[in-house]
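Understanding the architecture of this molecule
What follows is each chain in one-letter form.
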Amino acid sequence: MNLKIVYKMGSRLCLILFYLLILLALFAVAEHYFFIWQPESSFTQSFGEFKPIFGYVNVDFFQQPELYTDKSFLMLSLACNTAALLFGLLFLWYFHKFLKNMYIDDLFMYENVSILYKLGLTILVVGTAYIYIDGVLLSKAITALEITNAQLTLSDFSFVDSILGGIILIIIASALKTAVHAVEENKNTI
C-alpha cells in the first residue's frame, strides 16, 4: 500500500473531524452561555442539570451540588471547554496541513517545520492551559464530596506531560529545520 494514500486519507479525516469539532464547540459554548447568563430559561432547563466533564475522573453526585450552579465554577468550566476545543481544532488543522504536505511533496520542506513549531506551541500553551484548568475544576468538585473516615487530596501535575510534549515537538521541528536546510543545499549543488 502506498504511503501517500495514507497521508491523503489522514489529511481528509483530520479535516472532517475539524469541521465536526467546530459544530461540537458551538454547542458546548452555547450550553455554557445559557447555564451562566440565562439559568432560568426554558431552553436551559431542557439541558437538564449541569454536569461538567473532567478529563480523568467521573464524579457523580446523588444530588447536584451547589458548586455546579456557582457562576465562577461555570465560567471556569467554560474556559476549560474552550481551551480543550481550541486545542483540538488547532491540532486537527495543523495535522491536516502537515499530512497534506506529506502527500503533495515530502517531509523535508520548510512549511512542515513551521507547522511542527506551531503544533508544539499549541500543545505547550493551549494543551497545558486545558489540562491545568481541568485539574482545578476536578479539585473543586472533589472538595464538594462528603467523605467520612478519610481525606482525599488531589495533587495534579498531569499538565507537565503537555509541557514536555510541546518542548519535544519544538526540538523535533528544530532538527527537521536543519535536515531541510541540508536537503535544500543538496538540491542546489546537484
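A brief look at the structure comes next. (Residues numbered from 1 in each chain as written. Predicted model: local features only at pLDDT ≥ 70, side-chain atom pairs only at ≥ 80, totals over all residues. Heavy atoms only, no water.)

Along the backbone of the protein there are five helices and zero strands. For the protein, the C-alpha radius of gyration of 21 Å lies well beyond 16 Å, the compact-globule estimate for 190 residues. Residues counted as buried form 34% of the 190 residues belonging to the protein. Within the protein, residue pairs in contact and separated by at least 24 positions form 75% of the contacts whose partners lie at least 6 positions apart. Counting every atom, the protein has about 12000 Å² of accessible surface; 65% of that belongs to carbon and sulfur. Within the protein, the 15 negative side-chain charges are centred at a point lying 15 Å from the centre of the 11 positive side-chain charges. (Helix = DSSP H or I, 4+ residues; strand = E, 2+ residues; numbered from the N terminus. Rg over C-alpha atoms; globule rule 2.2 N^0.38 Å. Buried < 20%, exposed > 50% of the residue type's maximum accessible area, 1.4 Å probe, protein only. Contact = heavy atoms within 4.5 Å. Areas by Shrake-Rupley, 256 points an atom, 1.4 Å probe, with all protein chains shown as cover. Lys, Arg positive; Asp, Glu negative; His and termini not counted. Charge placed at Lys NZ, Arg CZ, Asp CG, Glu CD.)

Going through the model one piece at a time under the given rule, you end up with 17 aromatic pairs. Look at F43 and F47: their rings are 5.2 Å apart centre to centre, the planes differ by 75°, and that puts the pair in the edge-to-face class. Given the relative accessible area of 22%, F47 is considered partly exposed. An aromatic cluster is present here, built from F27, Y33, F34, F35, W37, F43, F47, F50, F61, Y68 and F73 joined pairwise through their rings. (Phe/Tyr/Trp six-rings, centres within 6.5 Å; stacked < 30°, edge-to-face > 60°.)

Spanning 34 residues, helix α4 (residues 110–143) covers 49 Å between terminal C-alpha atoms, matching the ideal 50 Å at 1.5 Å per step. G127 marks where α4 bends most, by close to 30°. (Expected span 1.5 Å × (residues − 1). Bend = angle between axes of the 7 residues up to and from the residue.)

Within the fold, T122 resides in helix α4. In this structure the side chain of T122 is engaged in a polar contact, spanning 2.8 Å, whose partner is the backbone oxygen of K118. (Polar contact = N/O pair within 3.5 Å; in protein donor to acceptor, adjacent residues only side chain to side chain.)

Moving on, we come to the packing of helix α3 (residues 71–104) against α4. It is at 9 Å that the axes of α3 and α4 come closest, and there the two elements cross at 160°. Our classification of the angle between α3 and α4 gives roughly antiparallel. Here α3 and α4 pass one another in a crossing that is left-handed. In terms of residue class, the contact of α3 with α4 is built from 23 nonpolar, five polar and five charged. (Axes fitted to C-alpha atoms, helices over the stretch in contact; angles between N-to-C directions. Parallel < 35°, antiparallel > 145°, perpendicular 65-115°, else oblique. Left-handed = near helix turned anticlockwise from the far one by under 90°. Nonpolar A, V, L, I, M, F, W, Y, C, P; charged D, E, K, R; others polar.)

A grouping of L13, I16, L17, L20, L23 and L26 is seen on the molecular surface, where their side chains present a nonpolar patch of about 600 Å² in accessible area. Checked against the element boundaries, L13 lands in helix α1 (residues 3–37). (Patch = residues over 30% accessible without salt bridge, like charges linked within 9 Å, V, L, I, M, F, W, Y side chains within 5 Å. Salt bridge = Lys/Arg side-chain N within 4 Å of Asp/Glu carboxyl O.)

Approximately 320 Å³ is the volume attributed to the largest pocket. Lining the largest pocket are 15 residues, with L24, A28, H32, I53 and N81 positioned closest to its centre. Within the residue set of the lining of the largest pocket, elements represented by two or more residues are α1 and α3. Per-class residue counts for the lining of the largest pocket are 10 nonpolar, three polar and two charged. When its volume is computed, the second largest pocket comes out at roughly 200 Å³. Along its surface, the second largest pocket is lined by D60, F61, F62, Q63, Q64, P65, A144, L145 and E146. In terms of residue class, the lining of the second largest pocket is built from five nonpolar, two polar and two charged. (1 Å grid on protein atoms, 1.4 Å probe; cavity = no way out; pocket = protein on both sides within 12 Å on 5 of 7 lines; lining within 4 Å. Points joined across faces, edges and corners; volume = space filled by probe spheres on them.)

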